[in-house]
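Coordinate inspection notes
The primary structure of each chain is shown beneath.
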Amino acid sequence: MATDAPLHPLSDSDSDSSLDAGARASDCLEELIAGHRRYQRGEPVHYQNAAKDREHYADHQCPRVAVLACADSRVPPEIIFDQKIGHLFVLRVAGNFADDDNQASMEYALQHFTPPPALIVVLGHERCGAVKAAVDCFDPHPQFSPSHGPAPSSRLLALVGRLEEAVLGTKAPAASPGSAPADAGAHAQRIDQAVRRNVMINVDKIRANPVIRQAGVWVMGGRYDLDTGEIEWLTDPPSRGGA
Ligand SMILES: [Zn+2]
C-alpha cells in the first residue's frame, strides 16, 4: 500500500458506485487497513473533522463498510479504523454475534444505501468479557470462574447462550498430571480460542445470509488486540466477486 491517506475525500459523490462489488470491497478493505494504521500511529485524520462531517452527513449517509463488533468500550470501530461519521454502519453487541436483528440491519443497509456497503467485518477482541462469561458458563473451572456477584438475568443468560458453539468447539485447559488444576495461562488461551472461533462462526453465518450473499459483499473477520491495537485478520480477502 503506497499511502495511509484516506482513499475517499469528504465530498463523497458516490463515484465508486460504477465499480463492481469486488473492486469496491477491495477498496474498502484497503481504506480500513490504512485507517487502522493511522490509528495505531496516533495520527487519525477524521476525529478532528467530526463537526464538519456531522454537517455534511446530516441529511444522508454513505456507509461503505458494516462492522459487527463487541459492545466493549475499548473496541470502538470508528476510532480503531479512523473512519468518519457516515462511513461505517456499526452494529455492536457483547460477544459480536450475528442474530436476526443485526443481520436485518445489514440487509437494510445493503438495500437502502447507494452505493451499498461492499464489506462486512466481524470484529472480535482479546479478553472478551462475553466470551469469558460463556466459557465460565459452559465449562466452569472454579478457580477461574468465581461464583460471587449477582446472578445473571435470563436475558444475559440468553446472550451467553449465543456463544455456546464457540466455546464448545475449543479445548478445556489441560490439567497437569496428578489432577493439578489447569493454569491461568491455559485458561486464557482457551478464551482466546473461543474469541477466534466465535468470529469465524459469525463470519460463516453472515456469509450464508442469502441477501448478503446475493449482494456479493465481502465478509471478513478479525481479532483486535487490546494491548497492542493490532488487528489479526482471521480471513483472507475472497477472490474478486465472491464473499
Ligand atoms: Zn467483548
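This write-up is about the structure you can find in this document. Since the structure is predicted, the reported quantities are computational estimates derived from the model, not experimental observations.

1. Regarding the environment of I201
- Among the structural elements, I201 can be located in helix α8 (residues 184–207).
- As a C-alpha pair, I201 and A98 span 103 residues in sequence and 9.0 Å in three-dimensional space.
- Here I201 is in contact with E165 and A166, once residues within four sequence places are set aside.

2. A short note on unusual backbone geometry
- A cis amide bond links T114 to the next residue, P115, at an omega of -5°.
- For P115, the position within the fold is in the loop between α4 (100–112) and β3 (119–125).
- Look at N96: it is not a glycine, yet its phi comes out positive at around 35°.
- Turning to its location among the elements, N96 is positioned in the loop between β2 (88–92) and α4.
- Judged by the 29 C-beta atoms lying within 10 Å of it, N96 is buried.

3. Focus: the pairing of strand β4 (residues 218–224)
- Counting buried residues along β4, seven of its seven residues qualify, which places the element largely inside the surrounding structure.
- Here β4 shows no split at all, with W218, M220, G222 and Y224 on one side and V219, G221 and R223 on the other all buried.
- Taking the residues between adjacent antiparallel strands as the criterion, β4 and strand β5 (residues 231–233) are bridged by six residues, where G229 takes a positive phi near 80°.

4. Details of the sheet that holds β5
- Read from one edge to the other, the open sheet built from five strands follows the order β2-β1-β3-β4-β5, with strand pairing classed as mixed. Every interior strand has two partners, whereas the edge strands, β2 and β5, have only one. Each strand of the sheet is rotated relative to its neighbour by a mean of 25°, with strand direction disregarded.

5. Observations concerning the packing of helix α5 (residues 129–138) against α8
- Packing of α5 against α8 brings their axes to within 9 Å, and their N-to-C directions diverge by 115°. As far as their axial angle goes, α8 and α5 are roughly perpendicular. Here α5 runs over α8; the crossing is right-handed. Side by side, α5 and α8 meet where V131, K132, A134 and V135 of the first sit next to R190, I191, A194, V195 and N198 of the second.
- Considering only residue class, the contact of α5 with α8 consists of six nonpolar, one polar and two charged.

6. Quick word on the nonpolar core
- Ranked by internal contacts, the top residues of the largest apolar core, which has 52 residues, are L119, I120, V131, A134 and V217.
- In terms of residues, this core owes the most to one element, α8, which gives seven residues.
- Taken together, domain 1 (24–44 + 60–128 + 206–233) and domain 2 (130–191) each give at least three residues to this core, which thus spans both.

Conventions used here
- Residues numbered from 1 in each chain as written.
- Predicted model: local features only at pLDDT ≥ 70, side-chain atom pairs only at ≥ 80, totals over all residues.
- Helix = DSSP H or I, 4+ residues; strand = E, 2+ residues; numbered from the N terminus.
- Contact = placed C-beta atoms within 7 Å.
- Buried ≥ 20, exposed ≤ 12 C-beta atoms within 10 Å, placed from the backbone.
- Pairing = 2+ DSSP bridges.
- Axes fitted to C-alpha atoms, helices over the stretch in contact; angles between N-to-C directions.
- Parallel < 35°, antiparallel > 145°, perpendicular 65-115°, else oblique.
- Left-handed = near helix turned anticlockwise from the far one by under 90°.
- Nonpolar A, V, L, I, M, F, W, Y, C, P; charged D, E, K, R; others polar.
- Core = buried A, V, L, I, M, F, W, Y, C linked by C-beta atoms within 7 Å.
- Domains from an automatic or database assignment.

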